[in-house]
Amino acid sequence: MPNHASLLLTVTTIVLYAAVVWVPGGLVAAATGLRGWTLLAVSPLLTYFVAGVAGPWLWKIGIPFTPMTFGVYALAVAAVFLWLRRFSRGAEPVAPWTRRGHVAVALCVSAAFAFGFAVLFGAMGGDLNAIPQDWDAGYHANGIRYIADTGDGSLYGTSRVNWYELPNGLFYPNGYHLVASLVFKLGGASIPAVLNAGTVLMPGLLALSLAALVRHFGGRAVVAGYTAVIAAAATSATYDNLWRGPLLPFTVGLAVTPVLAIVLDRYLRRPGLDTGAVFAACAVGLLAVHSSTLFGGILFVLPLLVQRWWGAWATARRDLVLLLPPMAAGGLVAVPHLFGALSVSGNIALVDWPSTFPVSQAVGSLLTFQHVTAHPQIWLAAALWIGLARFGRLGPLRWLAGPAVLFGAIFVLTASFSQPWVAKATSPWWNDQFRLIALATVPLCVIAGHGLAQVHDLLGSRIRVPLVTSVAALAALVLLSGGLYYRVNETQAHRAYGYTAREDQSYVVTKNEVLAMQRLGDLVKPDERVLNDRNDGSLWMYAVAGVHPVAGHYDGTLEPPDVFTLQAHFREYDTDERVREAVRRLNVSYVLIGRGYVREYNRRATGLRDLGGADFLTKVYENEDAVVYRLVVPKSAVS
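Residues numbered from 1 in each chain as written. Predicted model: local features only at pLDDT ≥ 70, side-chain atom pairs only at ≥ 80, totals over all residues. Heavy atoms only, no water.

A. Examining the pattern of salt bridges more closely. One pass over the structure, following the stated rule, counts 24 salt bridges. With a closest N to O distance of 2.9 Å, Arg244 and Asp432 form a salt bridge. Of this pair, Arg244 sits in the loop between helix H10 (239-243) and helix H11 (248-269) while Asp432 is found in the loop between helix H19 (420-425) and helix H20 (433-463), placing the two residues 188 residues apart along the sequence. When its relative accessible area of 14% is taken as the criterion, Arg244 is described as buried. By relative accessible area, Asp432 is classed as buried at 1%. Several salt bridges share partner residues, and in doing so they unite Asp562, Glu577, Arg580, Glu581, Arg584 and Arg585 into one network. (Salt bridge = Lys/Arg side-chain N within 4 Å of Asp/Glu carboxyl O. Helix = DSSP H or I, 4+ residues; strand = E, 2+ residues; numbered from the N terminus. Buried < 20%, exposed > 50% of the residue type's maximum accessible area, 1.4 Å probe, protein only.)

B. Quick peek at the packing of aromatic side chains. Enumeration over the complete set of coordinates arrives at 18 aromatic pairs. Seen in terms of ring centroids, Phe217 and Trp399 are 5.4 Å apart; in terms of plane orientation they differ by 55 degrees. Their pairing is tilted. Taken as a pair, Phe217 in the loop between helix H8 (202-216) and helix H9 (221-233) and Trp399 in the loop between helix H17 (378-389) and helix H18 (401-416) lie far apart in primary sequence, 182 residues in all. Here the aromatic residues Phe217, Phe300 and Trp399 are joined through ring pairs into a cluster of three or more. The ring of Trp243 has Arg495 sitting right over it, with the charged end atom 3.8 Å from the ring centre. Sitting over the ring of Tyr164, Arg529 keeps its end group 3.6 Å from the ring centre. (Phe/Tyr/Trp six-rings, centres within 6.5 Å; stacked < 30°, edge-to-face > 60°. Lys NZ or Arg CZ within 6 Å of the ring centre and 35° of its normal.)

C. Highlighting a nonpolar patch on the surface. Together, Val359, Val363, Leu367, Ile378, Trp379, Trp385, Leu388, Phe417 and Leu480 line one region of the surface with nonpolar side chains, adding up to about 740 Å² of accessible area. For the nonpolar patch, the secondary-structure elements that each account for two or more residues are helix H16 (359-367) and H17. Examining the composition of the nonpolar patch, we find that 4 residues originate from one element, H17, more than from any other. (Patch = residues over 30% accessible without salt bridge, like charges linked within 9 Å, V, L, I, M, F, W, Y side chains within 5 Å. Areas by Shrake-Rupley, 256 points an atom, 1.4 Å probe, with all protein chains shown as cover.)

D. Structural detail: unusual backbone geometry. The linkage connecting Gly245 with the following residue, Pro246, adopts the cis geometry, with an omega of -15 degrees. Looking at the secondary structure, you find Pro246 in the loop between H10 and H11. Despite not being glycine, Tyr485 has its phi angle at roughly 60 degrees, a positive value. Tracing the chain through its elements places Tyr485 in helix H22 (residues 482-494).

E. The arrangement of the nonpolar core in detail. Core analysis: the biggest nonpolar cluster contains 188 residues, and Tyr17, Tyr176, Phe369, Trp399, Leu520, Trp540 and Leu592 have the highest contact counts within it. Those residues in contact with Leu520, other than ones at most four positions away along the chain, are Val530, Met541, Val547, Tyr590, Leu592 and Val628. Ranked by size, the runner-up nonpolar core spans 23 residues in total, among them Tyr164, Tyr573, Ala605 and Leu611. (Core = buried A, V, L, I, M, F, W, Y, C linked by side-chain atoms within 4.5 Å. Contact = heavy atoms within 4.5 Å.)

F. Representation of the packing of H11 against helix H13 (residues 291-309) within the structure. Following both chains from N to C, one finds H11 and H13 inclined at 35 degrees, their axes separated by 9 Å at the closest point. At the point where H11 passes H13, the crossing takes the right-handed sense. Only Ser292, Thr293, Gly297, Ile298, Phe300, Val301, Leu304, Leu305 and Arg308 of H13 make contact with H11, whose side of the interface consists of Phe250, Gly253, Thr257, Pro258, Leu260, Ala261, Leu264, Asp265 and Leu268. In terms of residue class, the contact of H11 with H13 is built from 11 nonpolar, 5 polar and 2 charged. (Axes fitted to C-alpha atoms, helices over the stretch in contact; angles between N-to-C directions. Left-handed = near helix turned anticlockwise from the far one by under 90°. Nonpolar A, V, L, I, M, F, W, Y, C, P; charged D, E, K, R; others polar.)

Function-wise, these values are silent; they only describe arrangement.
Encoded structure:
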């Protein structure tokens, strides 16, 4: 890959990614009768459903996951949904918006996509080939490349770059990776560019989902439009999870979580095979993106059911019966995911991040859209407070207070209390404050959008020109917030591409290291591995050049004995038969030594220190940040 993506490559990759996300799911959604805003919002989640189900099931019957097999599978699913539509009982009523209202919301959602792109592309330094520097990015990059190279759509495939010596690999939901692998196969972009093309769409995807949510539940167009803009501006909603990790599957799942409320309500209002199938498919789609996403989605819609059932026990009993068929159908379709999740349950150690916030600060973080930024997003907060003060006017959307309070309370527990039971209760989200405040922020964005709409109404009572009042309220927010906190969001997101936890702000993977990886691509045979330091970012060699590393991720748990031997003792190659045997078994032919580490406390692996004078290595490439050695047989190792 070139070290800087051209404008043409940037545009075509983003457009291709958007097409892959929207078109297949859009065909399925259209086949089942969805139209308008609901179709636009549901389509991405149905794409993840189709890909997330196709990959594991096709692999079980020996068919690789490719653009061709995915396309055939998507058409088959669309045909099934079209057949189910024959049993439809008619279209559900939708609260009318004026044509001007639709246009205004479309402009706001488009602005949200543009704003999210501008923030994230700016954070990348204007280069779609920029490599995210933190922990999770390498895993996702290698997983996408592995699926594209092998066609392995199984739920264990993405782990095999690192845990290749485990007979079955490790379970990891792969809906996100399957879709991204299609973009890589269909386009000419590098894996980092594919990662980033999907990333720049995420704030806009959340804005679209929330606008469609407001539309479905009878909200006003002005609330939907303002909500979309606020969702794109809220740092805690997306950007904080796009530098730390980055948590790409989680953020995709977060962006489409509101869709579950739409399809659930649609099914309960008009029970049928078609609406039930869409509801089941969307639930499985969330599961395919990540297990925690479905769990979060269930909690997100739970207050909707409470509002619907409150004082109406007959409705509750009817709904519970109605929910059984789509749950059963979804469970059958998602059997590989359910068994995979059971295979790792109880085997993953609890994560307990430090709880450093007083309760008052944690609550304040929620009410001021401030988590780890230096200052609160005070003008978004002002809109939220107005929305809370006029909460009664939110109408059918009042249930959104439920997920805001529920996830907000869980966030406060995680941020402020360190008892073991808290870590256990929040384990679906890895006891992670960043994930939980993002889940709470999503419904708060709607309440803030409602608050800004109240300002709009106040201005309208004086100006009486709807277009002027709509623009004036939004313009005031944009101006007062310094361009919707553009600089704050870009600074946060840039931490993924510039530095993360390193005090010296050094890079984990530099452009010079990428050049060394590309050189390895010319040297290394397909069946050979390259010895590397687990913590210096060199694991990216597979995503960048298709070269298999000995250590394929920063996570060293379940490290095989041969890998441990090489990490700890490789420099003793000429004197230690165990090392030579490990080299032979892993078929190691080259060594890559990079610069910088994923964490500031990391140091060079003991077995890879001071290799410059080793007589069993020949230097074949070197630049300022990386050295490539070829392994030769030293005289001392010849018997």
